[in-house]
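Given next are the chains, with one letter for each unit.
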Amino acid sequence: MKMDKLNVIIPLLKGGSKLNDLELKYALRSIEKHLKDYNEIYILSNYLPNWIQNVSLIMCPQNSNKTRNIKTCINNYFEFTQDENVFFTNDDIFLLKDVSCINYPYYYSDKAEQEIADRNNNDIYKRLVIETNKVLNEKGIEEFNYFDIHCPIRYNRLAFNEYVNKSDWSFKYGLIIKSLYANQLRIKPIEIEDVYIKELKRFEEIVSYLLDKSHFTIHDRAINPSLIGFLNTIYPNKSKYEK
């Protein structure tokens, strides 16, 4: 059976942007330009930027535990809509090539062991990966792929409930949701680079780095006139989501 068009959900943290949610504005432009087979867009938050329109708001908590927030937001969406499937992305993920949300691949960057090894022992996120590893080990998954990279993912309501909600969330810092979910799907994922602009770059460097990439994300410290100019160059037209 052919899957119908999917809705898009985007969590939005109040105060998470220093530029009046400029990242979200360009992320929506990239969706309108490149994403196929989608229907409506839902923002998972407790507020909407003053420039936005033609989206729906699903009220969600805003507290210090990011992974638990996101889990609650996704559950709130499924409870409100009763949709079977949804396309999840973030406010700072920008699409560069045409893709369908219906058959969007499951991407990972490396094995969890490498992600753990690459992080400092004082890194809280390292604890999240270790705790997720423990949960998956208890479920019989001895080696898991790291899916929590900066790209969209598809979620199924029943699978999310079974693989995420029913997992052990008693750990202090919670769990990493994409890896917890996708490793239990037993699908054949695709390994890719996590395309992440973390530092300041000149316009030409951005163009070179993103050559042949399908999407990318940015860190706050990478935002400068060159990056904003690049975003405005590839997404020059206002989307229907802007007033």
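Residues numbered from 1 in each chain as written. Predicted model: local features only at pLDDT ≥ 70, side-chain atom pairs only at ≥ 80, totals over all residues. Heavy atoms only, no water.

Let's shift gears to unusual backbone geometry. In this structure, Asp 21 takes a positive phi of about 60° despite not being glycine. Here the phi dihedral of Arg 186 falls at roughly 60°; this positive angle occurs in a residue that is not glycine. Looking at the secondary structure, you find Arg 186 in the loop between helix H6 (177-185) and strand E12 (190-191). For Arg 186, a relative accessible area of 59% translates into the label exposed. (Helix = DSSP H or I, 4+ residues; strand = E, 2+ residues; numbered from the N terminus. Buried < 20%, exposed > 50% of the residue type's maximum accessible area, 1.4 Å probe, protein only.)

With that out of the way, let us pick up a nonpolar patch on the surface. Nonpolar side chains collect at one region of the surface, where Leu 48, Leu 57 and Met 59 lie side by side and expose about 250 Å² of accessible area between them. If you trace the backbone, Met 59 turns up in strand E4 (residues 56-59). (Patch = residues over 30% accessible without salt bridge, like charges linked within 9 Å, V, L, I, M, F, W, Y side chains within 5 Å. Areas by Shrake-Rupley, 256 points an atom, 1.4 Å probe, with all protein chains shown as cover. Salt bridge = Lys/Arg side-chain N within 4 Å of Asp/Glu carboxyl O.)

Take Glu 115: it is sitting in helix H3 (residues 112-117). Relative accessible area serves as the criterion here: at 11%, Glu 115 is assigned to the buried category. Polar side-chain contacts of Glu 115 include one of 2.8 Å to the side chain of Arg 119. Not counting the four nearest positions on each side in its chain, Glu 115 is found in contact with Asp 110, Tyr 125, Val 129 and Tyr 146. (Polar contact = N/O pair within 3.5 Å; in protein donor to acceptor, adjacent residues only side chain to side chain. Contact = heavy atoms within 4.5 Å.)

What follows is about the nonpolar core. One finds Leu 28, Ile 31, Leu 35, Ile 41 and Tyr 155 to be the most contacted residues of the largest nonpolar core, which totals 63 residues. In terms of nonpolar packing, the next biggest core, distinct from the first, is built from 17 residues, Phe 94, Leu 210, Phe 216 and Tyr 235 among them. (Core = buried A, V, L, I, M, F, W, Y, C linked by side-chain atoms within 4.5 Å.)

Moving on: the sheet that holds strand E3 (residues 38-45). Read from one edge to the other, the open sheet built from five strands follows the order E4-E3-E1-E5-E11, with strand pairing classed as mixed. With one partner strand each, in any of the chains shown, E4 and strand E11 (153-156) form the two edges of the open sheet. Neighbour-to-neighbour, the strand axes of the sheet open up by a mean angle of 35°, direction not taken into account. Across the sheet, helix H2 (residues 66-81) lies against strand E1 (6-11), E3, E4, strand E5 (85-88) and E11, angled at about 130° from E3, the strand it touches most. (Pairing = 2+ DSSP bridges. Axes fitted to C-alpha atoms, helices over the stretch in contact; angles between N-to-C directions.)

This paragraph deals with the state of the cysteines. Enumeration over the complete set of coordinates arrives at zero disulfides. Cys 151 carries a free sulfur, and the closest cysteine sulfur to it, the one in Cys 101, is 14 Å from it. (Disulfide = S-S within 2.5 Å.)

Let us now look at the packing of aromatic side chains. Enumeration over the complete set of coordinates arrives at 14 aromatic pairs. Judged by centre distance (6.3 Å) and plane angle (55°), the rings of Phe 78 and Phe 160 are tilted. In this pair, Phe 78 is assigned in helix H2 and Phe 160 in helix H5 (residues 157-165), connecting sequence segments 82 residues apart. A single burial state applies to Phe 78 and to Phe 160, both of which are buried. Ring centres of Tyr 104 and Tyr 107 lie 5.5 Å apart, and the angle between their planes is 85°; on these two criteria the pair is classed as edge-to-face. Relative accessible area serves as the criterion here: at 3%, Tyr 104 is assigned to the buried category. (Phe/Tyr/Trp six-rings, centres within 6.5 Å; stacked < 30°, edge-to-face > 60°.)

All right, on to the pairing of E1 then. Across the six residues that make up E1, a large majority, six, are buried. With five bridges joining them, E1 and E3 adopt parallel strand pairing. Across the sheet, the residue bridging to Val 8 is Ile 41, located in E3. Strand direction decides the pairing type here: E1 and E5, joined by two bridges, are parallel. By the bridge assignment, Val 8 is partnered in E5 with Phe 87.

Bringing the sheet that holds strand E14 (residues 215-218) into the picture now. The sheet built from three strands is open, its strands ordered E6-E14-E13 with mixed pairing. Each of the sheet's edge strands pairs with one partner strand only, and the pair in question is strand E6 (93-95) and strand E13 (196-197). Relative to E14, E13 runs parallel, the two sharing two bridges. From the neighbouring strand, Ile 197 faces E14, where its bridge partner is Ile 218. Across the face of the sheet, helix H1 (residues 22-34) comes into contact with E6 and E14 while running at roughly 30° to E6. Each of E6, E13 and E14 is contacted by helix H8 (residues 225-234), which is oriented at about 150° to E14, the strand it contacts most.

Mapped onto the elements of the fold, Lys 36 is located in strand E2 (residues 35-36). In this structure, the C-alpha to C-alpha distance between Lys 36 and Cys 101, residues 65 residues apart in sequence, is 6.3 Å. Discounting residues that sit within four places of it in the chain, Lys 36 has contacts with Asp 98, Val 99, Ser 100 and Cys 101.

All quantities given are derived from atomic positions and should not be read as evidence of function.
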